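Secondary and tertiary structure notes
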Amino acid sequence: MSAIIAAAEKHLHELVLPQVDEWEKLDHFPREAARAAAEDGLLGMYAPPELGGQGLSLAEAIPVFEVLGRGAGVYAFSLSMHNIVTYAVSGFGTDTFKQEWAPRLTTGDAMGGFVLTEPQSGSDAAGLRTRATINDDGSYTVNGHKAWVSLATEAELYLVVVKTSPEPGHRDMAMVAIPADTPGVRFGPAYDMLVSPFMPVADMFLEDVTVPAENVILPPGQGLSGSLMAIDIARTSIAAGCCGLMSAALDTALMYSRDREMFGQRELDMQGIQWMLADVATDLEAGRLLYGKAATLLGTPEGTLAAAHAKRFVPDAAQRAAATCIQVLGGYGLLKDYGLERLYRIAAVMKLVDGTTEIQRMVIARSLRKHAAELGTVPIPTFKD
Ligand SMILES: Cc1cc2nc3c(=O)[nH]c(=O)nc-3n(C[C@H](O)[C@H](O)[C@H](O)COP(=O)(O)OP(=O)(O)OC[C@H]3O[C@@H](n4cnc5c(N)ncnc54)[C@H](O)[C@@H]3O)c2cc1C
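Here the residue numbers are simple positions, counted from 1 along each chain's written sequence. Totals for whole chains, interfaces and linings use every residue, but because this is a predicted model, local features are given only for residues with pLDDT of at least 70 and side-chain atom pairs only at 80 or more, for both listing and counting.

Comments concerning the site of the ligand
Among the 21 residues in the neighbourhood of the ligand, the closest are listed as G122, S123, S150, T356 and E358. An automatic or database domain assignment supplies the start and end points of every domain. Three or more residues apiece are contributed to the shell around the ligand by two domains, here domain 2 (113-221) and domain 3 (225-373). We count a residue as near a molecule or strand when its backbone-placed C-beta atom lies within 6 Å of that partner.

Below, the structure is given as structure tokens:
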């Protein structure tokens, strides 16, 4: 076991599992857990050591989210987003900016959020309207309305994707870092929804928000492509987290069915039950292979497709797995005490965030069409008069 996986296991068993039920009742992020995560080296996994990070590759670090996903998928998701923000700041930020912010992010003194979506542009991210005017001194003044901002009001720093001209399309998009306390930043109330409220999600309003040139993470022209690279990492990390969720659901169903007796035998000895759980186990194995492959390909030309395969398959499989495991426990599967209803809810959310299942199919289909164009021919039946 690598050192980072051992650290994640320790974090899971000492901190996440004992507290997750209490977190579910909170309406704010458990910051003390994030600070402990920093001490365990989980907040700057991709950032270089000189900025307080671990300097790990994506393939080394992404399995951490499978470990954390066993305990609290939403917490794993928050930490994944934070690590991506830290990666972007330490990798692409100006020297002044990264010297100020990267150490704060890697120590958990500050949390980071990623802000792309708007009320009218979710899947169709290129349709965003938040507009930055570039001033003579290079500073950016931003106006707009973002939606679905995870860690809203909790994070200290938000990487916001903006347009820099009135022209339609994405060629002018940039990414700017906006500290939460910048004048003109305001959040709406947290959405009342299916997701655990300890990760608040809300609208973000930006009214004449001005940040200096040092806060530009990606200049005009790179905002959307850079965001899509970040999203590939997020998709792979979500798939890893969902494998953790599946393995937690499977273990619960195995323990229960092993010890539950009915019709004079153990539930686990019934073939129908074994087949249900065997399917969950196969999906889990497939999910691990998919996210593991994607994690090694991120940053190469094949990374986007591999991430899409993982994100297309695993959250769907995780929701199926949670439903199957609930069924194995019968009525007891619905009780919060067993944690399966939470896993089911989280899987539903993971099918939407960072690109829905349908959007992954679009990415995969794009590559299939490209492949089709390179193939030879087969006879196509035609109608002759
Ligand atoms: C809990 C949560 C946290 C989030 N956190 C963040 C965050 O921190 N930062 C951020 O920027 N965003 C965040 N998001 C936003 C998320 O990425 C979007 O919800 C997602 O991209 C989908 O956009 P939408 O909800 O507007 O759905 P829409 O884009 O309106 O899609 C509606 C439906 O149409 C389907 N659809 C879309 N296009 C096609 C097509 N061509 N063919 C077939 N079906 C299609 C979709 O799959 C979906 O089922 C979060 C979302 C959730 C649920």
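More follows now that the structure is in view.
Notes on the packing of helix α5 (residues 73-92) against helix α7 (residues 223-259)
Axis definition: a line fit to C-alpha positions, over the contact stretch in the case of helices; interaxial angles, taken between N-to-C directions, run 0 to 180 degrees. Segments assigned H or I by DSSP are reported as helices when at least four residues long, segments assigned E as strands when at least two residues long, and all are numbered from the N terminus. One way to put it is that α5 packs onto α7 with a least axis distance of 10 Å and a crossing angle of 155°. On the basis of their axis angle, the class for α5 and α7 is roughly antiparallel. Judged by the twist between their axes, the crossing of α5 over α7 is right-handed. Residues G73, A76, F77, S80, M81, I84 and A88 of α5 form the contact with α7, whose own contacting residues are A230, I233, A234, S237, I238, G241, G244 and L245. Grouping the constituent residues of the contact of α5 with α7 by class yields 10 nonpolar, 5 polar and no charged. Reported orientations rely on four angle classes, namely roughly parallel under 35 degrees, roughly antiparallel over 145, roughly perpendicular from 65 to 115, and oblique for the rest. A clockwise turn of the near helix away from the far one marks a right-handed crossing, whereas an anticlockwise turn of less than a right angle marks a left-handed crossing. Contacts here follow a simple rule: the backbone-placed C-beta atoms of the two residues must lie within 7 Å. Only Asp, Glu, Lys and Arg are considered charged in this grouping, and only Ala, Val, Leu, Ile, Met, Phe, Trp, Tyr, Cys and Pro are considered nonpolar; every other residue, Gly among them, is considered polar.

Here we look at the environment of E66
Structurally, the position occupied by E66 is in helix α4 (residues 63-69). Placed 23 residues apart in sequence, E66 and V89 show a C-alpha to C-alpha distance of 24 Å. Each residue touching E66, except ones within four places of it in the same chain, is listed here: A240, G241, C243 and G244.

Looking at the pairing of strand β7 (residues 201-211)
Relative to β7, strand β3 (residues 140-150) runs antiparallel, the two sharing 8 bridges. Across the sheet, the residue bridging to S150 is V201, located in β7. Strands are treated as partners if at least two bridges between them are detected by DSSP. Note that strand β6 (residues 185-187) and β7 share 3 bridges and pair antiparallel. Within the sheet, the bridge partner assigned to R186 lies in β7 and is F205.

A short note on the domain arrangement of the protein chain
Considered domain by domain, the protein chain is made up of domain 1 (3-110), domain 2 (113-221) and domain 3 (225-373). One C-alpha centre belongs to domain 2, the other to domain 3, and the line joining them spans 30 Å. Taken together, the 8 residues of domain 2 in the interface contact 8 residues of domain 3. Here the side of domain 2 that touches domain 3 is composed, by residue class, of 7 nonpolar, 1 polar and no charged.

Let's talk about the pairing of strand β4 (residues 157-162)
Here exposure depends only on C-beta density: within 10 Å of a residue's C-beta, 20 or more other C-beta atoms make it buried, 12 or fewer make it exposed, and intermediate numbers make it partly exposed, the C-beta atoms being placed from the backbone. Among the 6 residues in β4, 6 count as buried, and that is most of the element. Burial along β4 is two-sided: L157, L159 and V161 and Y158, V160 and V162, pointing in opposite directions, are all buried. Pairing of strand β1 (residues 112-115) with β4 involves 4 bridges; the strand directions are parallel. Following the sheet pairing, G112 is matched in β4 by L157. Of the strand pairs in this sheet, β4 and strand β5 (residues 174-179) are connected by 6 bridges, and their pairing is antiparallel. Each residue of the ladder has a partner; that of L159, found in β5, is A177.

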